[in-house]
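Read off the chains here:
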Amino acid sequence: MSLDSSSIVARYLNSCKLHEVMPNAAVLSHLYKASMQEEVQKWSTLVVSLDELEDHDMLPLVDMVHLFNVDAVDIFSTSKSVVKQESVVSLMRAVNSTLRIVDLQDTLFRKDILWDLFQGGLNCQLLKLRSTEIRKLNIVGSFMQLHTLNLDFSSSLTSLEKDCFTCMPKLMRLSMCGTRIADLWTTRAALSRLPSLTELRFQNCICCKDTGPCLASSNGTGSPATVGKLLINQDSLNDSVDKVSNHFGGILSSDPSFAATSGRTDLQLEVSFDDLHVQGRDDCPEDINFKLRDTSVVSKMYLSCHPSPICYEKHYREYMIASLPHLKVLDNFPVRKIDREMANTVFSQYYEYLPYKRRQKENVASVLHMRETGRGNAYHNKSSQIKEAVSCRKSPHFYSRSLCAAKIGSSASPSLHKMSNISDNIKEGSESLRPRQFEYHPTNPSLMAFGTLDGDVVVVNHDAGNIFSYIPLFGVTNSILGLCWLNKNPSKLLAGSDSGSLRLYDINDTLQKAESGCSSSSPVVFDKFEQLTSLHVNSTDDQFLTSGYSKKVAIYDICSGKRLHLFSDMHQEPINVAKFAHHSPNLLVTSSFDRDVKLWDLRQTPNQPCYTTSSSRGNVMVCFSPDDLYLLVSSVDNEVKQLLSVDGRLQTDFGIASTGSAHNYTRSYYMNGRDYVISGSSDESIVRVCCAQTGRRLMDYCLEDRALESPILVQSLRSDPFRHFHMAVLASYVRPSSRRDIIKVNLLESGTYADEDSKKEDFSSSYGHGG
């Protein structure tokens, strides 16, 4: 039941008297306006402006506001308020049933306050929490009435949890401009939980404040004068760009970790001309309409600003439109029918929705049932597709691939497990081991060897989580840069350090020595190879090669330890990685920072390569595909290409965007045989998964330490040879900068880290090179 103005004022004055505070004139005014509105319109809205209140005003307001039978309560704050955050939350809870608008711009809520809000939920319809300091958006409370959410300029926000929007069935408008959200895949998974989402922003039109379509670009809705505002001359355009760039540059300069977190070094520019758009008009000349169909020629007259890093991802706009079929407006630019058609085309050309070209998500149980019964696949409806599915099932890999597609389809972010708990304090009185190189065992799925920055070699059972064998290898502090298991004698492990020392050990022998105190055999000792960065054993286990920070490659006899050949000047610059073929003991490939990749045959005098092929940047590494049909070449700053090994012709260019850093060392390996390629770079926290044959991107995922709230940089990586879509990543931490770890990644499971304690260590600076 509503109350008249005198009763409302009286109740408020009594509440002030009870709490021994002076009445607030602004509160009295808003109470009076609401009561008058109720009398005239039979509808009342109480406006609470936090800018007009002090903290002592909150208690009497919270105590009596629930007695005032208003239809809606709007809470605003346009500047930094002096009211305690706990008091603001108490007020929102007191009026939750009638809460309509919560607009708390530039109010820097503490993490515990935000956690309380997101866990408890609110009944409001519009929520603006600009400039919050939250890093992970994990909303589990009820927001059943929310239709508009604005998180602009929350510069700490880096990712969206998969289920963070499941409690918002009515959310139609979402704005996250100026955040650090960068990953297309996890963002798509989160946004796909919003069935009502029609307007989305990660960057905004320079003249728009809300998420809706810009009136100046909407087809037929803007006046000629409004549309004409976009047709500015180049000088005016440059002035606008300078103003926006200077503003955003100031924001970025206050937080130097922004560029490192996003993996880009050129984000100081706020206006990206690659992302500028204009709405086509039906009455445009034919040649202009033709150009509008090409996204690379979309007009440069639409200024977008405050971009999140995700906006710089290649084909970002097409990816989001194709992934969100109900979207009508993206970044203040309307989504037309032609835009959606083009987006679907681009998506199918550059991205893989599910592994192995599966078109729809399947249930794991249905795939298992299909395997047992031999019946057709549930998602093949047409007869031709059924015939295709039946023929595909003749392949021995059909069901395993279907299961992988079903599991990845249900997992937005992978399960990650750190191995630091296995290796911590293996030597008495020492600090944790710092891995520098690692290799999976070729025949035992549970074993992995890793070498450290301090010269140790450790063999671990990464499934059981314990040490299998520990080898204090060289007795001096030298980083282990080369590790390779023998193929026919998989108990033997070859290791090399940056000092050039080379050793061959039998891990069973070292295990017996640890148990009995004596060794049954002496290790083979080889001549040093100075400045070593890489070593590799041939397919017959009789020879291995070394390369490093020089133009030389050496070939050694494994049994005798003698150096058989020393080839000089094979390249113009250091040869970072050299590899033997998997099936031919005489074929090897070298990759150099001189940008050349060369194939050699030891049966011929290797003064001339079989062929030479070049990259546009220095080559970090090269490897053969498991069947030796292809070469995978990784060059500085994300240049990854697959070549035909027979003649070096280009088969696939994976088209990964560069960051502009000359120190962004990229490494790539095959996964699931040669079905997929995984790639990571030393200045980025992203691991990319691409189809090896088509180059289409399956997914990216970002590594981050959640406890330290710090990104993790990818130094190297390997696929698990026994488990599909499993891998391990050699990671270094931004904070603390000394920490290194090996992280096991399972793309088929959703999960978080099995986290361990963070420890501060000194870091030696050898993370540029090696495999």
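Residues numbered from 1 in each chain as written. Predicted model: local features only at pLDDT ≥ 70, side-chain atom pairs only at ≥ 80, totals over all residues. Heavy atoms only, no water.

**Some thoughts on the UniProt feature "repeat: WD" (unreviewed entry) in the chain**
Alright, step 1. In this structure's numbering, the residues bearing the UniProt feature "repeat: WD" (unreviewed entry) are residues 568-603.
Alright, step 2. Between the C-alpha atoms that bound residues 568-603 there is a distance of 17 Å. The span itself is 0% helix and 50% strand. (UniProt positions renumbered as here; feature names shortened; annotations may be inferred. Helix = DSSP H or I, 4+ residues; strand = E, 2+ residues; numbered from the N terminus.)

**Considerations on the sheet that holds strand β20 (residues 492-497)**
Alright, step 1. Pairing in this open sheet of four strands is antiparallel, and the strands run β19-β20-β21-β22 from one edge to the other. Either end of the sheet is taken by a strand with one partner, and the two such strands are β19 (480-485) and β22 (524-525). (Pairing = 2+ DSSP bridges.)

**Examining the packing of aromatic side chains**
Alright, step 1. One pass over the full model with this rule turns up 14 aromatic pairs.
Alright, step 2. Here W185 and Y319 contribute two aromatic rings whose centre-to-centre distance is 5.4 Å and whose plane-to-plane angle is 55°, an arrangement assigned as tilted. Residue W185 is located in helix α6 (residues 184-191), and its partner Y319 is located in helix α11 (residues 316-323); the two are separated by 134 residues in the primary sequence.
Alright, step 3. Among the aromatic residues, those joined into a ring-pair cluster are W185, Y319, F347 and Y351.
Alright, step 4. It is R718 that lies over the ring of F438; its NZ or CZ is 5.4 Å from the centre.
Alright, step 5. A cation sits over an aromatic face here: R739 above Y733, 4.6 Å from the ring centre. (Phe/Tyr/Trp six-rings, centres within 6.5 Å; stacked < 30°, edge-to-face > 60°. Lys NZ or Arg CZ within 6 Å of the ring centre and 35° of its normal.)

**Here we look at the confidence of the model for the chain**
Alright, step 1. In the predicted model, the chain carries a mean pLDDT of 81, and 78% of its residues have values of at least 70.
Alright, step 2. Note that residues 378-391 has pLDDT below 50 and, in this model, ten contacts with residues that lie over four places away or in other chains.
Alright, step 3. Ignoring residues within four places in sequence, the model shows residues 516-521, a span with pLDDT below 50, making eight contacts including any to other chains. (pLDDT = per-residue confidence, 0-100. Contact = heavy atoms within 4.5 Å.)

**Here we look at the sheet that holds strand β25 (residues 553-557)**
Alright, step 1. Read from one edge of the open sheet, four strands run β23-β24-β25-β26, paired in antiparallel fashion. Every other strand in the sheet has two partners, leaving β23 (532-537) and β26 (563-567) as the edge strands with one partner each. Looking at each pair of strands side by side, their axes are set apart by 20° on average, direction ignored.
Alright, step 2. Across five bridges, β23 lies against strand β24 (residues 543-548) in antiparallel orientation. Among the inter-strand pairings, L535 is bridged to a residue of β24, identified as T546. (Axes fitted to C-alpha atoms, helices over the stretch in contact; angles between N-to-C directions.)

**As for the UniProt feature "domain: U2A'/phosphoprotein 32 family A C-terminal" (unreviewed entry) in the chain**
Alright, step 1. Per the UniProt record, "domain: U2A'/phosphoprotein 32 family A C-terminal" (unreviewed entry) is found at residues 313-331.
Alright, step 2. Secondary structure within residues 313-331 divides into 42% helix and 11% strand; the distance between the first and last C-alpha atoms comes to 15 Å.

**Examining helix α5 (residues 111-120)**
Alright, step 1. All of the buried residues along α5 are I113, L114, L117 and F118. Along the axis of α5, the buried residues cluster in a sector spanning 125°; they form a single face.
Alright, step 2. In this structure, the buried side of α5 is in contact with α4 (85-94) and β5 (136-137).
Alright, step 3. Positive backbone phi, at 80°, marks G121, one or two positions downstream of α5. (Buried < 20%, exposed > 50% of the residue type's maximum accessible area, 1.4 Å probe, protein only. Arc of directions from axis to C-beta.)

**Describing unusual backbone geometry**
Both trends apply: most residues other than glycine have a negative phi, and most peptide bonds are in trans.
Alright, step 1. Even without a glycine there, the phi angle at R595 is positive, about 85°.
Alright, step 2. Position of R595 relative to the elements: it lies in the loop between β28 (587-592) and β29 (596-601).
Alright, step 3. For R595, a relative accessible area of 43% translates into the label partly exposed.
Alright, step 4. Positive phi, normally seen in glycine, also occurs at D628, with a value near 65°.

**Topic: the packing of α11 against helix α12 (residues 337-350)**
Each pair of packed helices can be described by the angle between their axes along with the distance between the axes.
Alright, step 1. With their axes 8 Å apart at the nearest point, α11 and α12 run at an angle of 105° to one another. Classed by the angle they form, the pair α11 and α12 counts as roughly perpendicular. Contact residues: α11 offers E318, Y319, I321, A322 and S323, while α12 offers D339, R340, A343, N344, V346 and F347. (Parallel < 35°, antiparallel > 145°, perpendicular 65-115°, else oblique.)

**Quick word on the environment of V714**
Alright, step 1. On the secondary structure map, V714 appears in strand β40 (residues 710-719).
Alright, step 2. A relative accessible area of 1% means that V714 is categorised as buried.
Alright, step 3. Sequence separation of V714 and S685 is 29 residues, and the distance between their C-alpha atoms is 5.7 Å.
Alright, step 4. Apart from residues no more than four positions distant in its own chain, V714 is found in contact with G680, S681, S682, E684, S685, I686, V687, L703, V729 and L730.

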